[in-house]
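# Commentary on secondary and tertiary structure
Chain by chain, the residues run as shown.
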Amino acid sequence: MIAKEGVALSEDDIVLLRMLASGLPIEAIARRLGLSERTVRRRMRAVCDQLGFRTPIEAVVWAARQGLV
């Protein structure tokens, strides 16, 4: 599992990954961020696409290995 090189995540992306890593469900993340569940899912998909991963779990594992979460 290797992320695309040169990808810069925004602070919002990192916050989202941290919340997922902490085990929060999408519903709770949406509530805390004041977003709809659909928007949270869309943003997570965008992060995965940006990094070149198929699942949010891969993105969270990668972020943990990078020391971001």
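Overview of the structure. All values derive from a computational prediction rather than experimental measurement. (Residues numbered from 1 in each chain as written. Predicted model: local features only at pLDDT ≥ 70, side-chain atom pairs only at ≥ 80, totals over all residues. Heavy atoms only, no water.)

## Some thoughts on the pattern of salt bridges
A side chain with one charge can pair with a side chain of the opposite charge if their charged atoms come near. As a reminder of what qualifies: Definition used for salt bridges: Asp or Glu carboxyl oxygen within 4 Å of a side-chain nitrogen of Lys or Arg. Numbered from the N terminus, helices here are DSSP runs of H or I no shorter than four residues, and strands are runs of E no shorter than two. Partly exposed residues are those whose accessible area sits between 20% and 50% of the maximum for their type, while under 20% is buried and over 50% is exposed, using a 1.4 Å probe and protein chains only.
Evaluated as defined, the whole model comprises 3 salt bridges. For arginine 41, the salt bridge identified is with glutamate 37, shortest N-O distance 3.6 Å. Remark: glutamate 37 and arginine 41 occur in helix α3 (residues 37-51); sequence separation between them is 4 residues, near one turn of the helix. Its relative accessible area of 43% is what places arginine 41 among the partly exposed residues. In this structure, aspartate 49 engages arginine 45 in a salt bridge whose closest nitrogen and oxygen atoms are separated by 3.1 Å.

## Describing the packing of aromatic side chains
Basically, it comes down to this: Ring pairs shown here join Phe, Tyr and Trp side chains whose ring centres sit within 6.5 Å, with only the six-membered ring taken for Trp; geometry is labelled stacked below 30 degrees between planes, edge-to-face above 60, and tilted in between.
Under the defined criterion, the tally for this structure stands at 1 aromatic pair. Taken together, a centroid distance of 6.4 Å and an interplanar angle of 50° make the contact between phenylalanine 53 and tryptophan 62 tilted. Considered together, phenylalanine 53 and tryptophan 62 belong to a single accessibility category, that of buried residues.

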